[in-house]
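A structural walkthrough
Here is how the chains run, residue by residue.
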Amino acid sequence: MASGRNPNLTTQAVAKSLRRRYRAERRFKAVCIGALGLALTFLAVLFLSIGLEAYTAFWQHWIALDMTYDAELLDPTGTRNPEELARGNYNLVVRGALQELFPEVEGRSDRRALASLVSSGAGYRLQERVVEDPSLVGTSERVWVLADDDIDMLLKGHISRDVPEGARRVSDQQIAWIDHLGEEGRVESRFNARFFRSGDSREPELAGIWGAAVGSAYTLLVTLLLSFPLGVSAALYLEEFAPRNRWTDLIEVNINNLAAVPSIVFGLLGLAVFLNFLHLPRSAPLVGGLVLSLMTLPRIIIPARAALQAVPPSIREAAYGLGASPMQVVFHHVLPLALPGILTGTIIGMGQALGETAPLLMIGMVAFIVDIPSTLTDPATVLPVQIYLWADSPERAFVEKTSAAILCLLGFLILMNLAAVVLRQRTEKKW
Amino acid sequence: MSIWIIAATLLVVSALGYRAGRAKALSLVGHARELNSLPGYYGSWVILWGVLPATLLLLSWVALQPIVLDQLVVAGLPQEIAALEPSRLGLFLNDAQNLASGNIVSREVDETLTAAAARYRDLGSLASAARAGSVVLLTLAGMTLAYRRINRRLRAMVKVERAFELILATGSTIAIFTTIGIVLSLLFEAIRFFRLVPLTEFLFGLEWSPQTALRADQVGSSGAFGAIPLLAGTFLVSLIAMMVAVPIGLFSAIYMSEYAAPRVRAVAKPVLEILAGVPTVVYGFFAALTVAPLFRGAGEAIGLSVSSESALAAGGVMGIMIIPFVSSLSDDVIRAVPQSLREASYGLGATQSETIRKIIFPAALPGIVGGILLAVSRAIGETMIVVMAAGLASNLTANPLEAVTTVTVQIVTLLIGDQEFDSAKTLAAFALGLMLFFITLVLNVVALHVVRRYREQYE
């Protein structure tokens, strides 16, 4: 019978189409896994490429030289007066020490090439030592001084010895000298503590992130002091007190919109209002903090409102039932219960503010600043802007410095986010 | 700083005021029960009366002092300087202020300048003293007034709470003031720009070379301010970014919400969100140092010439940055599709991928489109990646291998290191900013509208 064969045919057709459909299913799933895998690969490549570049920045090469503190040269009057000593030409001392090691070097350009083996900061190091201890004058000692950044790059392998001499920044002769010094045990790689202690410098080997870190701390302090109280009060008002009307709707629309305004627009606002109109100082952490707090406010208000919403109405009703006033209900019961959530949102908002660069470029925090800022109105820069400045510098040595500064910035960010996660897990309540 | 001293004084005075108010309220009655409010409210009442007016005075004083000082100094200047045009006068006053505070001065120090600086110093210290004195006096006066009005029937709680609510409400208006500030400051400077450059040239011009002549006969003195190449560059870079971010983000979200075991999801989601937390300057460095040379090398290997500032590198890295944005927004919408739809689909014999493609994706589409629009607005406003990895010169092209420049790049390059605020060059940055603000605003509004209007309502 025909009807006996038809189910068979249908089964065959279904079995056939099932194979196709299962293949499509596997394909689709593979595409999904591939997409996630690709995203994670990008993350890994990003971190690896920066980490691999960065780790060498934490070590730096030092060169030992036998310095002779010639009394004639440093203290011609013989008074050992610190001011007099500070004026001496210590670069000549460094050059003399190098000359002594390689007496065969003649001619101005060769001597200059020899002198450029060590950092131009070497003279200052000697000056500090002598001013601190004037009895050194007239004696000689072995002092470790920083190698020049090009030499450092050569020793770290970032400048290849195989390329022709004209194509690299270190000459064959300099390589021969530094190898000779190395054989004598005068070259050593040491932990780069200076990187964490000093401000910016034009010389890569002298540059550090401490100035930018302090600037970031001041800026974030201003941001926190302004945006946390304002953000919490706005969230409290909108969630707990505000009537539902056009005015509060307008406020809400504004907050949501501000959260999506490009950060550079806030920089333009800061430039026009804080600098050009109110005449606040350029490059100051105070202005940076003001701009960043306007930017961070909506990012604090939105999670704070969510945290307040999560507190169940029964808490409020119980408090009202016991005779608490509206403010007592909010400040004694609702706010403490919502505080962990509010703090989590605040930490995340602060993390975003810490990584923000573009608005700060607008208000002049991009200047080259060597000194560590000590007040809120001193010219300063911040970590991300420092990264931007170093990334723009042509010297090869700044590449590893930039990467190392990025590692430090990411370290701070990870710490802050970890704190937020721990806070959330510790205090999370299921109602 | 004297402001800090004033603040500290206010703090101490208010602590004393609180105690005094509380003590007076308690002394009026035999037992605290007989008072209208809790005793502490009387103390807070005294503080509010003292601190609120004084804070208002302090803030307005700080805001107005520079303006009044300028006027007073100008009044004391010799005729020929006071009659200078406003911008030059502003420079002169700026120098006088710098000299007064011991900073570097950009002109030769002559007698008039020294006199003006001295006047700034004298008036400044006088004003600071007057400020401190009047603020402290006003605080004390307000507190005394409040203290004397305390009686057992005073409804301190109601008044204090109303004041607190008002303070909280003031905090919430800051968002409105910020928006007004953004719009006004951008508009104000942009209007000044459009007085120099016609609006039509800015909106429809095909050439962008922002120079202004120092002298009329200078070579290359004619600047061109046509924003079309910048917009084209911005959209090219954003398009590349979305072509990277949308498929990867969307498929990752589908995997995490539909296929992945809860434990995989619990790890993958936060790891992916690390990408969102990385500062954009890091992406910029990554794009300029790693990705751009990679593309260039790859292009050379197959015989293509790829610019080292190609739109492809900047857009690609921007796409990586936006992946978590797309994926977490899509993840939320996909998970919001009710389980009953999936089960009905499985019950009819559909495979999982058929369910996703034919049931879940259409149901989640409005939310996904809204999320993508928000991501586009982010890509357009993104600054650091393009500043570090895209080109500086304008280039009207659709070729992703060439260097293009974007709106944000031009804003940054126009404003870095330039302090003169009356040239078309710097004002152009504000016009571009206004355009950027407007575009992102429209995108956000449309995105919200799409989500609200086309959202399927499930019980």
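All values derive from a computational prediction rather than experimental measurement.

Re the overall build of chain B
When its secondary structure is counted, chain B shows 17 helices and two strands. What you see for chain B is a C-alpha radius of gyration of 31 Å, clearly larger than the 23 Å of a compact globule of 459 residues, by over 25%. Expressed as lengths along the three principal axes of its C-alpha atoms, the size of chain B is roughly 80 × 75 × 35 Å. For chain B, buried positions account for 40% of its 459 residues. Taking as baseline every contact in chain B between residues at least 6 positions apart, the subset at least 24 positions apart corresponds to 73%.

Quick look at the overall build of chain A
A count of helical and extended segments in chain A gives 18 helices and three strands. Taking 22 Å as the expected radius of gyration for a compact globule of 431 residues, we find that chain A reaches 32 Å, considerably beyond that expectation. Across the 431 residues of chain A, 42% fall into the buried class. Across chain A, contacts joining residues at least 24 apart in sequence account for 77% of those joining residues at least 6 apart.

So, the interface of chain A and chain B
In many analyses, interface size is given as the accessible surface area lost on bringing the parts together. Residue-level contacts link 69 residues of chain A with 69 residues of chain B. A per-element tally of the side of chain A that touches chain B places helix H1 (residues 2–54) of chain A first, with 19 residues. Counted by class, the side of chain A that touches chain B contains 53 nonpolar, 13 polar and three charged residues.

Digging into the environment of Ile380 of chain B
All names here are of chain B. Mapping Ile380 onto the fold places it in helix H14 (residues 352–381). With 21 C-beta atoms packed within 10 Å, Ile380 lands in the buried category. Separated by 148 residues in the primary sequence, Ile380 and Ala232 place their C-alpha atoms 11 Å from one another. Among residues more than four places away in sequence, those in contact with Ile380 are Thr234, Ser238, Ile439 and Thr440.

Things to note about the environment of Pro340 of chain A
When you line up the elements, Pro340 of chain A lands in helix H15 (residues 326–355). Contacts of Pro340 of chain A, omitting those with residues within four sequence positions, involve Leu423, Arg424 and Thr427 of chain A.

Observations concerning the nonpolar core
Residues Ala287, Ala314, Val317, Ile385 and Ala389 of chain B are the most contacted members of the largest nonpolar core, which totals 204 residues. Among the elements that line this core, the one with the most residues is helix H9 (residues 228–259) of chain B, at 17 residues. The residues contacting Ala287 of chain B, other than those within four sequence positions of it, are Ala292, Ala313, Ala314, Val317, Ile385, Met388 and Ala389 of chain B. Counting 29 residues, the second-largest nonpolar core is a separate cluster that includes Tyr69, Ala147, Ile151 and Met153 of chain A.

Some thoughts on helix H12 (residues 311–336) of chain B
All names here are of chain B. In this model, H12 (26 residues) spans 36 Å end to end at C-alpha, consistent with the 38 Å of a helix rising 1.5 Å per residue. The largest bend in H12 amounts to roughly 40 degrees and is located at Ile322, with the proline Pro324 lying one to four residues further along. The element H12 is largely enclosed, with a buried count of 22 among its 26 residues.

Let's talk about the pairing of strand E1 (residues 59–68) of chain A
Pairing analysis gives five bridges linking E1 of chain A to strand E3 (residues 187–191) of chain A, with the strands arranged antiparallel. Looking at the pairing, Trp59 of chain A lines up with Phe191 of chain A of E3 of chain A.

Some points on the domain arrangement of chain B
You can read the domains of chain B as domain 1 (2–170) and domain 2 (224–454). Summarising the inter-unit geometry, the C-alpha centres of domain 1 of chain B and domain 2 of chain B are found 47 Å apart.

As for the domain arrangement of chain A
Residues and elements named next belong to chain A. Here chain A is partitioned into domain 1 (58–192) and domain 2 (210–427). Between the C-alpha centres of domain 1 and domain 2 the distance comes to 46 Å. With six residues of domain 1 at the contact, the number on the domain 2 side is four residues. Looking at the side of domain 1 that touches domain 2 residue by residue, the class counts come to three nonpolar, one polar and two charged.

Points about the sheet that holds strand E2 (residues 140–146) of chain A
Residue and element names in this part refer to chain A. On the basis of which strands lie adjacent, the open sheet formed by three strands has the order E2-E1-E3 and antiparallel pairing. Bordering the open sheet on either side are E2 and E3, each of which pairs with just one other strand. Mean inter-strand twist for the sheet, computed between neighbouring axes without regard to direction, equals 40 degrees.

Notes on the confidence of the model for chain B
All names here are of chain B. With 93% of its residues at a pLDDT of 70 or more, chain B has an overall mean of 86. Per-element confidence in chain B ranges from a low mean pLDDT of 74 for helix H3 (residues 79–82) to a high of 94 for H9. Across the assembled chains, the prediction reports ipTM 0.90 with pTM 0.88.

Things to note about the packing of helix H10 (residues 262–277) of chain B against H12 of chain B
Residue and element names in this part refer to chain B. Two elements in contact, H10 and H12, have axes separated by 8 Å at closest approach and are oriented at 130 degrees. The pairing of H10 with H12 is recorded here as oblique in orientation. Of the two elements, H10 crosses H12, and the hand of that crossing is left-handed. Contacts between H10 and H12 involve Leu272, Glu273, Leu275 and Ala276 from the former and Ile320, Met321, Ile323, Pro324, Phe325, Ser327 and Ser328 from the latter.

Conventions used here
Residues numbered from 1 in each chain as written. Chains lettered and ligands numbered in written order. Predicted model: local features only at pLDDT ≥ 70, side-chain atom pairs only at ≥ 80, totals over all residues. Helix = DSSP H or I, 4+ residues; strand = E, 2+ residues; numbered from the N terminus. Rg over C-alpha atoms; globule rule 2.2 N^0.38 Å. Buried ≥ 20, exposed ≤ 12 C-beta atoms within 10 Å, placed from the backbone. Contact = placed C-beta atoms within 7 Å. Nonpolar A, V, L, I, M, F, W, Y, C, P; charged D, E, K, R; others polar. Core = buried A, V, L, I, M, F, W, Y, C linked by C-beta atoms within 7 Å. Expected span 1.5 Å × (residues − 1). Bend = angle between axes of the 7 residues up to and from the residue. Pairing = 2+ DSSP bridges. Domains from an automatic or database assignment. Axes fitted to C-alpha atoms, helices over the stretch in contact; angles between N-to-C directions. pLDDT = per-residue confidence, 0-100. Parallel < 35°, antiparallel > 145°, perpendicular 65-115°, else oblique. Left-handed = near helix turned anticlockwise from the far one by under 90°.

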